[in-house]
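# A closer look at the structure
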Amino acid sequence: MVKGFEKLIVNISAGFINIRAEEIDKCLNKALREIGEFLGVEHSTLFLFRKDCLTADRAYEWCAEGSKPQLNLFQKVNIGNFPWIMEKFYNNETVYIPGKAKVLKDENREKKFLELHQIQTIILIPIISNGSLLGFMSFNNFRKEKKWGREEIMLLRKASEIFINVLERKRLEDEWRTLEAWKYQEAIRALRSSEEKLQRITENMLDMIGQTDLNGIYQYISPSFKSVLGYEPEKMLGKLSAEFIHPEDLGKVTAVMETTLKTRFPGKVEFRHRHARGGYLWLEAICNLIVDKDNRITGTVYGARDITERKMNEECLRQSYDKLKKSIEMLTKAMEMIVEIRDPYTAGHQRRVAVLASAIGREMGLSEDKVAGIHLAASIHDIGKIYVPAEILSKPGRINTHEFEIIKSHPKVGFDILKNVEFPWPIAGIVVQHHERINGSGYPAGLQGNKILIEAKIIAVADVVEAMASHRPYRPALGIEEALHEISQNRGTLYDSGVVEACLQVFRKNFSFD
């Protein structure tokens, strides 16, 4: 249970990496649904406070089937009326109330509220960023009590940290990108005309603001540079901004600034900035231009914030994802060995099909992620043959109709074996379709044309080529030329034309199964 939940949290975090700002709300709702379904709760909710930190400004909710939405109820509630909960929140503590609130005193307002609305179990996790209470996550059950384990609560805290990073990123992007260009330029002109006004605006900001001339020389540094990077602002004035950027990141920062100068549209970049005490911090900055009254560019301005902790979390998640990929590879190897032990005459068949199918995918211009899915599916595409009796698989002569029907069952058996395994790709669907044909003459479902996955079409061609080129109990190897003639002759009928052309091109480039 815990390992499965941990894997879910890793997948949710990976799903938030590099998503666009407009997709964040959709992904937050999806994450609440996945967490709620996995943990078996009836409601999972994310509340974001207004500035008063007492009432909800925005909220996301998922309800289990048969449960009524509760947003209208909770959005009207003033959380300040529950001092016990608020004290827990400000101390960054999880609130866990089991057993119909029996653990609370009768005079406790929280108890009265939970009993009034018949809440059996509730767990609340505060959302805190940079010491500020932004909101909270809520998971509750109305119809039956749920017992929460310590590990589950710890992982929910991890989920809250992921949500904090995502919400902070969304806030920064929303604040900057929703500004129309003329309003932003007007604000910059006003700031430049009054150093005193600029100081009042920025002196209490957590985010940093920097201004340079066209040569990259600092003209203004906000006071927050000292609290974040340790530099006295006046000591940075007149210095080249590039001196503080990590050498490995200087190229991408320069590229973003060149694009901003060319398009006159704000650009975003993540880079490492040197700290006054040594070492580097990761910053996320949004850069824009300063123009004069004649619309001539006179310098640049950027807003930046420290994302070092987020970067460290992303690296931890990347390492967890790499470990997961390694586990999948080991599982795939084990499945390959199972098939090869059962059918020694096709030892290495799946591996060779995977090599050819991957080469075809790359020739077709598919992404490396899609090629990785094709390689994995091809490596275990015959896993369903463990259902076929060994004497049929190794029969030296021709098989009869009954035996062929048994062999034809192996794609469906493979699907049944793999359908509940959570892969990053539709592996079970690819495996069950690898004997389908474009004209509907394949099996097990007789699918046609675009109803067949492109990955399955690729493996189908690679499977035929490798099988014909290799020795079988009932015939000697027919050779590559005969195999390529087969797919060429039946392109557009049995096999996808684009896949066939890519396969032929691969062999023209001297492809070898070895």
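In what follows, the accompanying structure is described.

## Looking at the overall build of the protein chain
Helices and strands together make up the secondary structure of the protein chain, namely 21 helices and ten strands. Pairs at least 24 apart in sequence give 57% of the contacts found in the protein chain among residues at least 6 apart. As presented, the protein chain carries roughly 26500 Å² of accessible surface, and 52% of it is formed by carbon and sulfur atoms.

## Examining the packing of aromatic side chains
The full count for this structure, using the stated rule, is eleven aromatic pairs. Their ring planes at 55° and their centres at 6.2 Å tell us that Tyr218 and Phe244 sit as a pair that is tilted. In this pair, Tyr218 is assigned in strand 7 (residues 218–221) and Phe244 in the loop between helix 10 (233–236) and helix 11 (250–263), connecting sequence segments 26 residues apart. By relative accessible area, which is 3% here, Tyr218 ends up buried. The exposure class assigned to Phe244 is buried, which follows from its relative accessible area of 2%.

## Some words on the sheet that holds strand 1 (residues 43–49)
Here we have five strands laid out as an open sheet, ordered 2-1-5-4-3, and antiparallel in their pairing. Bordering the open sheet on either side are strand 2 (56–63) and strand 3 (95–97), each of which pairs with just one other strand. Geometrically, the sheet is characterised by an average inter-axis angle of 15° between neighbouring strands, direction not taken into account. The pairing of strand 1 with strand 2 spans seven bridges and is antiparallel. Across the sheet, Ser44 pairs through a bridge with Trp62, a residue of strand 2. Across the sheet, helix 4 (residues 83–90) is in contact with strand 3, strand 4 (121–129) and strand 5 (132–141); its angle to strand 3 comes to roughly 140°.

## Some details on the packing of helix 19 (residues 454–469) against helix 20 (residues 480–489)
Following both chains from N to C, one finds helix 19 and helix 20 inclined at 145°, their axes separated by 8 Å at the closest point. When you trace helix 19 past helix 20, the crossing you get is right-handed. Counted together, Val461, Val464, Val465, Met468 and Ala469 of helix 19 and Ile480, Glu482, Ala483, Leu484, Glu486 and Ile487 of helix 20 form the full contact between these two elements.

## Some thoughts on the nonpolar core
In terms of nonpolar packing, the biggest core is built from 43 residues, with Leu356, Ile360, Leu418, Ile427, Val461, Val465 and Ile487 touching the most fellow members. The set of elements that each furnish at least two residues to this core consists of helix 12 (308–342), helix 13 (349–363), helix 14 (368–379), helix 18 (427–433), helix 19, helix 20 and helix 21 (497–508). Among the elements that line this core, the one with the most residues is helix 19, at eight residues. In this structure, Phe5, Ile19, Leu32 and Leu167 belong to the second largest nonpolar core, which totals 33 residues.

## Section: the packing of helix 20 against helix 21
Where helix 20 meets helix 21, the closest approach of the two axes is 10 Å, and the angle between their N-to-C directions is 155°. With respect to each other, helix 20 and helix 21 are oriented roughly antiparallel. Here helix 20 runs over helix 21; the crossing is left-handed. For the pair helix 20 and helix 21, the contacting residues are Ile480, Leu484, Ile487 and Ser488 in the first and Val500, Cys503, Leu504 and Phe507 in the second. Of the residues assigned to the contact of helix 20 with helix 21, the class counts are seven nonpolar, one polar and no charged.

## Some details on the pattern of salt bridges
One pass over the full model with this rule turns up 25 salt bridges. As a salt-bridge pair, Lys226 and Glu232 come within 2.8 Å of each other at their nearest N and O atoms. Here Lys226 falls in the partly exposed class, since its relative accessible area comes to 45%. By relative accessible area, which is 27% here, Glu232 ends up partly exposed. As a salt-bridge pair, Lys412 and Asp416 come within 2.9 Å of each other at their nearest N and O atoms. You can see Lys412 and its partner Asp416 sitting in helix 17 (residues 410–418), four residues apart, about one turn around the helix.

## What to know about helix 11
In this model helix 11 runs 20 Å from its N-terminal to its C-terminal C-alpha over 14 residues, within 8% of the 20 Å that 1.5 Å per residue would give. If you check which residues of helix 11 are buried, you get Val253, Val256, Met257 and Thr260. The buried residues of helix 11 occupy an angular sector of 95° when the element is viewed end-on, so they sit on one face. The outward face of helix 11, more than 90 degrees from its buried face, is lined by the exposed residues Glu258 and Lys262. The secondary structure elements touched by the buried residues of helix 11 are strand 8 (267–274), strand 9 (280–291) and strand 10 (297–306). Two residues or fewer after helix 11 comes Arg264, characterised by a positive phi angle close to 60°.

About the thresholds
- Residues numbered from 1 in each chain as written.
- Predicted model: local features only at pLDDT ≥ 70, side-chain atom pairs only at ≥ 80, totals over all residues.
- Heavy atoms only, no water.
- Helix = DSSP H or I, 4+ residues; strand = E, 2+ residues; numbered from the N terminus.
- Contact = heavy atoms within 4.5 Å.
- Areas by Shrake-Rupley, 256 points an atom, 1.4 Å probe, with all protein chains shown as cover.
- Phe/Tyr/Trp six-rings, centres within 6.5 Å; stacked < 30°, edge-to-face > 60°.
- Buried < 20%, exposed > 50% of the residue type's maximum accessible area, 1.4 Å probe, protein only.
- Pairing = 2+ DSSP bridges.
- Axes fitted to C-alpha atoms, helices over the stretch in contact; angles between N-to-C directions.
- Left-handed = near helix turned anticlockwise from the far one by under 90°.
- Core = buried A, V, L, I, M, F, W, Y, C linked by side-chain atoms within 4.5 Å.
- Parallel < 35°, antiparallel > 145°, perpendicular 65-115°, else oblique.
- Nonpolar A, V, L, I, M, F, W, Y, C, P; charged D, E, K, R; others polar.
- Salt bridge = Lys/Arg side-chain N within 4 Å of Asp/Glu carboxyl O.
- Expected span 1.5 Å × (residues − 1).
- Arc of directions from axis to C-beta.

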